[in-house]
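# Close look at the chain arrangement
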Amino acid sequence: MPALSRTASIFAKNLIILLAVAVLITNIGGVKPLADVAVAALALFVLLEWTNLPRLARIFSVAAVVSVLAVLWLKPDASTQMFAAMRQSTTFACLLAMLGVLRYPARRSGLVRQAARWLVTRKPRHAYTALSFGGHFLSLLFNVGILPLIGDMIRKAGQSFEEGSLGRDMMLGGMRGMSLMTIWSPMGLGFAIVTTSTAGLDPLKFLFVAFAASMALLVVNCLTTEPVTVPEQDEASQEPVSIIPLMQILLACLLLMVTTIALHTALSVSFVVATILVLPVFSVAWLIMESEEGHQPSLPALGKGLQGIFATLADMRTEATFFAAATLIGAALTIFISAIPGWTTIAQGGDFGLPILILCLFAIPLTAAAAIPHTIVVVLVAQLFGHSPLGAQHPIALALTLTIGWALAIAVSPISATTLITAAQAGVKSHVVGLVWNRRYVVIQMSFSLLIIAAVYVAGL
């Protein structure tokens, strides 16, 4: 049995490689039949990994299958939309798998640990701000993977996570900074869903508008959070920590961003496809430049590193399954809701465009707080309004509403990976992080987000 299980695991990882190749050739080479190969590879991967999936992911997988069958049976005229959603789900699953690949060189990197150490050794009055901005930009590379590293560094710095402690403040700073990154990161799933579902949206233009919005909300976050007051240590007794590793990591983030934008422009593909293409290359390049000890690796060490990358190909199985299923469920809900009499009038927006956006902005985090996966809600809203007159006339306002809603949702949801990881680091229940610790933060961010979205809408964007 162990040998059979090992064989199945290797086969599952090879299916991820097949999935990535099929997705890239379909989108870059225009070989459309390979899109169906990607669907088959993803379905087989989920079946092989079924026993390794948590209960919630299995429930969503079954719900996705039921959703597809319901559309094919009750709305056969919409089958083309459902098949398109199935192909789109493979792209999202592939993106998550490639993000998992990047975690291997990140986890073993001494440079990353030194960068995180600089952040957690700032003076107490600067700690929250340092972790908010540091967590924001570092998560461009590591996504939620930055949170366990920050938690580990906080513990090594001698801090705890009790209520009112500096350690808890620092952990929340990193978490909130990381969540706001999802507003604009082209390597994020929320950005991918929104930019592929909104008609008339210029992804590059939206990237810069979303970045400006996230910076504004990051500043608001730091200004409205009162730092914990604790005695500061004697600077003479503290071991100096260099900022150079942090600057090197931030430079790598910038290089990754520029490369992704360049591929998006040169190949005329979505940011999702550009990211899927660049992340494995970036991960291998990282292995070549830095070994586990921070030195130039030998050929055997590089071979071991490549084996390590291969071993991580299925690490994001839960997230990939969950988000692929949510895409199908959202697509099915969209088809049935669109068939409701009078829906076309609502979707027109008209004079109610801004109220609709405000309602959507509230709905995403509120449903997330009720443990309803925000992915389904974002996919549903994106598909309902993305190709409506509202989406065509105000694409940036709609896209910004959805990505900001996504960022607030992952901070408040008791079932998001962000709150689950933060809760595990702090040793509390996830609902404490989402609904207690982050409640005031989300309310304040929501208030300022309303002003930002209203301004973008009035500007006609």
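Residues numbered from 1 in each chain as written. Predicted model: local features only at pLDDT ≥ 70, side-chain atom pairs only at ≥ 80, totals over all residues. Heavy atoms only, no water.

### Re the overall build of the protein chain
- Across its full length, the protein chain holds 22 helices and zero strands.
- Dimensions of the protein chain, computed from C-alpha atoms along their principal axes, come out at roughly 75 × 55 × 40 Å.
- Here the protein chain holds 461 residues, and 54% of them are scored as buried.
- The long-range fraction of contacts in the protein chain, counting pairs at least 24 apart against all pairs at least 6 apart in sequence, stands at 79%.
- Distance from the positive charge centre (25 side chains) to the negative charge centre (19 side chains) of the protein chain: 6 Å. (Helix = DSSP H or I, 4+ residues; strand = E, 2+ residues; numbered from the N terminus. Buried < 20%, exposed > 50% of the residue type's maximum accessible area, 1.4 Å probe, protein only. Contact = heavy atoms within 4.5 Å. Lys, Arg positive; Asp, Glu negative; His and termini not counted. Charge placed at Lys NZ, Arg CZ, Asp CG, Glu CD.)

### Some words on the packing of aromatic side chains
- This structure, assessed with the given rule, holds seven aromatic pairs.
- Plain terms: the ring middles of F60 and F322 are 4.7 Å apart, the flat faces sit at 45 degrees to each other, and that makes the pair tilted. Here F60 is found in helix α3 (residues 55–74), whereas its partner F322 is found in helix α14 (residues 317–338), with 262 residues between them in sequence. The same class applies to F60 and to F322, which are both buried.
- Aromatic side chains F322 and F323 sit 5.7 Å apart centroid to centroid with 85 degrees between the ring planes, which places their arrangement in the edge-to-face category.
- Note on F323: relative accessible area 12%, which makes it buried.
- Ring-pair connections join several aromatic residues into one group, and the members of that group are F60, F322, F323 and W406. (Phe/Tyr/Trp six-rings, centres within 6.5 Å; stacked < 30°, edge-to-face > 60°.)

### Points about the pattern of salt bridges
- According to the stated counting rule, one finds two salt bridges in the structure shown.
- The residue R87 makes a salt bridge to D36 at a minimum N-O spacing of 3.1 Å. In this pair, R87 is assigned in helix α4 (residues 79–107) and D36 in helix α2 (residues 33–48), connecting sequence segments 51 residues apart.
- The class for R87 is partly exposed, based on a relative accessible area of 33%.
- Owing to a relative accessible area of 42%, D36 belongs among the partly exposed residues under this scheme. (Salt bridge = Lys/Arg side-chain N within 4 Å of Asp/Glu carboxyl O.)

### Notes on the side chain of T225
- The residue T225 is located in the loop between α10 (203–223) and α11 (244–267) in this model.
- Polar side-chain contacts of T225 include one of 3.5 Å to the side chain of Y128.
- Here N221 takes part through its backbone oxygen, which lies 2.8 Å from a polar atom of the side chain of T225.
- Leaving out residues up to four positions away in the same chain, T225 has contacts with Y128, R176 and R440. (Polar contact = N/O pair within 3.5 Å; in protein donor to acceptor, adjacent residues only side chain to side chain.)

### A closer look at the state of the cysteines
- Scanning all chains against the criterion turns up zero disulfides.
- Looking at C253, it has no disulfide partner, and the nearest cysteine sulfur is the one in C222, 18 Å off.
- Overall, C253 belongs to the buried group, its relative accessible area being 4%. (Disulfide = S-S within 2.5 Å.)

### What to know about the environment of K13
- Position of K13 among the secondary structure elements: in helix α1 (residues 2–29).
- The sequence separation of K13 and T312 amounts to 299 residues, and the corresponding C-alpha distance is 8.3 Å.
- In contact with K13, not counting residues within four places along its chain, are F310, A311, L313 and A314.

### Focus on the nonpolar core
- If you look at the biggest cluster of nonpolar residues, it comprises 155 residues, and the most contacted ones within it are M98 and L141.
- Once residues within four sequence positions are removed from consideration, M98 is found in contact with I16, A20, I276, L279, P280 and L313. (Core = buried A, V, L, I, M, F, W, Y, C linked by side-chain atoms within 4.5 Å.)

### Some details on the packing of helix α19 (residues 395–412) against helix α22 (residues 439–458)
- The interhelical angle for the contact between α19 and α22, taken along N-to-C directions, is 175 degrees, at an axis separation of 10 Å. Relative to α22, the element α19 lies roughly antiparallel. Contacts between α19 and α22 involve I396, A397, L400, T401, I404, L408, A411 and V412 from the former and Y441, V442, Q445, M446, S449, I452, I453, V456 and Y457 from the latter.
- Residue composition of the contact of α19 with α22, by class: 14 nonpolar, three polar and no charged. (Axes fitted to C-alpha atoms, helices over the stretch in contact; angles between N-to-C directions. Parallel < 35°, antiparallel > 145°, perpendicular 65-115°, else oblique. Nonpolar A, V, L, I, M, F, W, Y, C, P; charged D, E, K, R; others polar.)

### Things to note about unusual backbone geometry
- For S268, which is not glycine, the phi dihedral falls at a positive 55 degrees.
- Positive phi values are uncommon outside glycine, yet A371 reaches one of about 70 degrees.
- Tracing the backbone through its elements, the reader meets A371 in the loop between α16 (353–369) and α17 (374–385).

### A look at α16
- Under the 1.5 Å per step criterion, the end-to-end length of α16 is 25 Å for 17 residues, consistent within 8% with the ideal 24 Å.
- The complete set of buried residues in α16 reads G353, I356, L357, C360, L361, I364, P365 and A368.
- Downstream of α16 by one or two residues, A371 has phi in the positive range, about 70 degrees. (Expected span 1.5 Å × (residues − 1).)

### Things to note about the packing of α4 against helix α12 (residues 271–289)
- At a minimum axis separation of 9 Å, α4 and α12 run at an interaxial angle of 15 degrees. With respect to α12, the element α4 is oriented roughly parallel. Along this stretch, α4 crosses α12, giving a crossing that reads as left-handed. Residues T91, C94, L95, M98, L99, V101, L102, Y104, P105 and A106 of α4 touch α12, and the partners they reach there are V272, T275, I276, L279, P280, F282, S283, W286 and L287.
- When the residues that make up the contact of α4 with α12 are grouped by side-chain class, the tally is 16 nonpolar, three polar and no charged. (Left-handed = near helix turned anticlockwise from the far one by under 90°.)

### Observations concerning a nonpolar patch on the surface
- A surface patch of nonpolar side chains, amounting to about 270 Å² of accessible area, comprises I17, V21, I25 and V31.
- Structurally, the position occupied by V31 is in the loop between α1 and α2. (Patch = residues over 30% accessible without salt bridge, like charges linked within 9 Å, V, L, I, M, F, W, Y side chains within 5 Å. Areas by Shrake-Rupley, 256 points an atom, 1.4 Å probe, with all protein chains shown as cover.)

### Concerning the environment of I288
- Relative to the helices and strands, I288 resides in helix α12.
- Put simply, I288 and P395 are 107 residues apart on the chain and 41 Å apart in space, counted from C-alpha to C-alpha.

### Considering α2
- For α2, spanning 16 residues, the distance from its first C-alpha to its last is 23 Å, which sits close to the expected 22 Å at 1.5 Å a residue.
- Taken residue by residue, α2 has A35, A38, V39, A41, L42, F45 and V46 as its buried positions. One side of α2 holds all its buried residues, which, seen down the axis, span an arc of 165 degrees. Within α2, the exposed residues directed more than 90 degrees away from the buried face are P33 and L47. (Arc of directions from axis to C-beta.)

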